[in-house]
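# Structural overview for review
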Amino acid sequence: KAVYSSPAIRAVKTATSIAQVKNLEVIRKEGLREINWGDFEGMQVKDINKREPNLKEKVLRNSEYRIPGGENIVDFKNRVLDAFNNILSNHNGESIAVVGHSWTNKAILSSLNQGEWIELHQENTAVNILELEDGILKSSLINCRKHLKN
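Source: prediction; values computed, not measured.

## Some thoughts on the overall build of the protein
- Helices and strands together make up the secondary structure of the protein, namely five helices and five strands.
- Beginning at the N terminus, the succession of helices and strands in the protein can be written as β-α-β-α-α-α-β-α-β-β.
- Taken over the C-alpha trace, the protein has a radius of gyration of 16 Å; the compact-globule value for 150 residues is 15 Å, and the two agree within 12%.
- Taking the intrachain contacts of the protein between residues at least 6 apart in sequence as the baseline, contacts between residues at least 24 apart amount to 52%.
- Here the protein has roughly 9,400 Å² of accessible surface; of this, 46% comes from carbon and sulfur atoms.
- Averaged over its 21 positive side-chain charges, the protein has a centre that lies 6 Å from the centre of its 19 negative ones.

## Quick word on the packing of helix 4 (residues 73–89) against helix 5 (residues 102–111)
- Relative to each other, helix 4 and helix 5 sit at 80 degrees, their axes nearing to 9 Å. Taken together, the axis directions place helix 4 and helix 5 in an arrangement best described as roughly perpendicular. Seen from helix 4, the contacting residues are Ile73, Phe76, Lys77, Val80, Leu81 and Phe84; seen from helix 5, they are Trp103, Thr104, Ala107, Ile108, Ser110 and Ser111.
- Tallied by class, residues from the contact of helix 4 with helix 5 come to eight nonpolar, three polar and one charged.

## Describing the packing of aromatic side chains
- Tallying each qualifying case throughout the model produces one aromatic pair.
- Taking the centre distance of 5.4 Å and the plane angle of 50 degrees together, the rings of Trp37 and Trp103 count as tilted. Taken together, the positions of Trp37 in the loop between strand 2 (26–28) and helix 2 (45–51) and Trp103 in helix 5 put the pair 66 residues apart, joining distant regions of the chain.

## Notes on the side chain of Glu71
- Along the chain, the position of Glu71 falls in the loop between helix 3 (55–61) and helix 4.
- Engagement of the side chain of Glu71 in a polar contact is seen with the side chain of Arg79, the distance being 2.7 Å.
- Not counting the four nearest positions on each side in its chain, Glu71 is found in contact with Glu34, Ile35, Asn36, Tyr65, Arg66, Phe76 and Arg79.

## Some remarks on helix 1 (residues 9–21)
- Under the 1.5 Å per step criterion, the end-to-end length of helix 1 is 19 Å for 13 residues, consistent within 8% with the ideal 18 Å.
- Of the residues making up helix 1, those classed as buried are Ala11, Val12, Ala15 and Ala19. For helix 1, the arc enclosing every buried residue in end-on projection is 90 degrees, short of the 170-degree limit, so these residues lie on one face. Away from its buried face by more than 90 degrees, helix 1 exposes Ile9, Arg10, Lys13, Gln20 and Val21.
- Each element contacted by the buried residues of helix 1 is listed here: strand 1 (2–5), strand 2 and strand 3 (96–99).
- One or two positions beyond helix 1, positive phi appears at Asn23, with a value near 55 degrees.

Rules used throughout
- Residues numbered from 1 in each chain as written.
- Predicted model: local features only at pLDDT ≥ 70, side-chain atom pairs only at ≥ 80, totals over all residues.
- Heavy atoms only, no water.
- Helix = DSSP H or I, 4+ residues; strand = E, 2+ residues; numbered from the N terminus.
- Rg over C-alpha atoms; globule rule 2.2 N^0.38 Å.
- Contact = heavy atoms within 4.5 Å.
- Areas by Shrake-Rupley, 256 points an atom, 1.4 Å probe, with all protein chains shown as cover.
- Lys, Arg positive; Asp, Glu negative; His and termini not counted.
- Charge placed at Lys NZ, Arg CZ, Asp CG, Glu CD.
- Axes fitted to C-alpha atoms, helices over the stretch in contact; angles between N-to-C directions.
- Parallel < 35°, antiparallel > 145°, perpendicular 65-115°, else oblique.
- Nonpolar A, V, L, I, M, F, W, Y, C, P; charged D, E, K, R; others polar.
- Phe/Tyr/Trp six-rings, centres within 6.5 Å; stacked < 30°, edge-to-face > 60°.
- Polar contact = N/O pair within 3.5 Å; in protein donor to acceptor, adjacent residues only side chain to side chain.
- Expected span 1.5 Å × (residues − 1).
- Buried < 20%, exposed > 50% of the residue type's maximum accessible area, 1.4 Å probe, protein only.
- Arc of directions from axis to C-beta.

Right under this line is the structure:
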């Protein structure tokens, strides 16, 4: 019934491909955006590591560590889950697609007890299928990339 996406261009392109199959419009949802890397947004990893060695590890190992000018994991997860729960509340019993990012997916999956944040793995273009049954959100497919194999 609906296709939601992070407003990031790469996510919107993926969401558009999905939406076209069902003749739907993509609904951009700011809360699905990847973590705010603040002062490091748009920089390459090698350049980030020169300025702030081990930044990613600091963020992952300490959920309250705030990226300079950006977010910490706690704020990021809360933002993503608020957006995701809002989407769910608007589509009770309907099939929807939500296109985000690796860390966005990890925030959602970790809320479903699919593992600790740091242990979850999400490949680029991974498909996860979640189903809402009797008010309980459950996963039926995690990190699938079969769609890439022809």
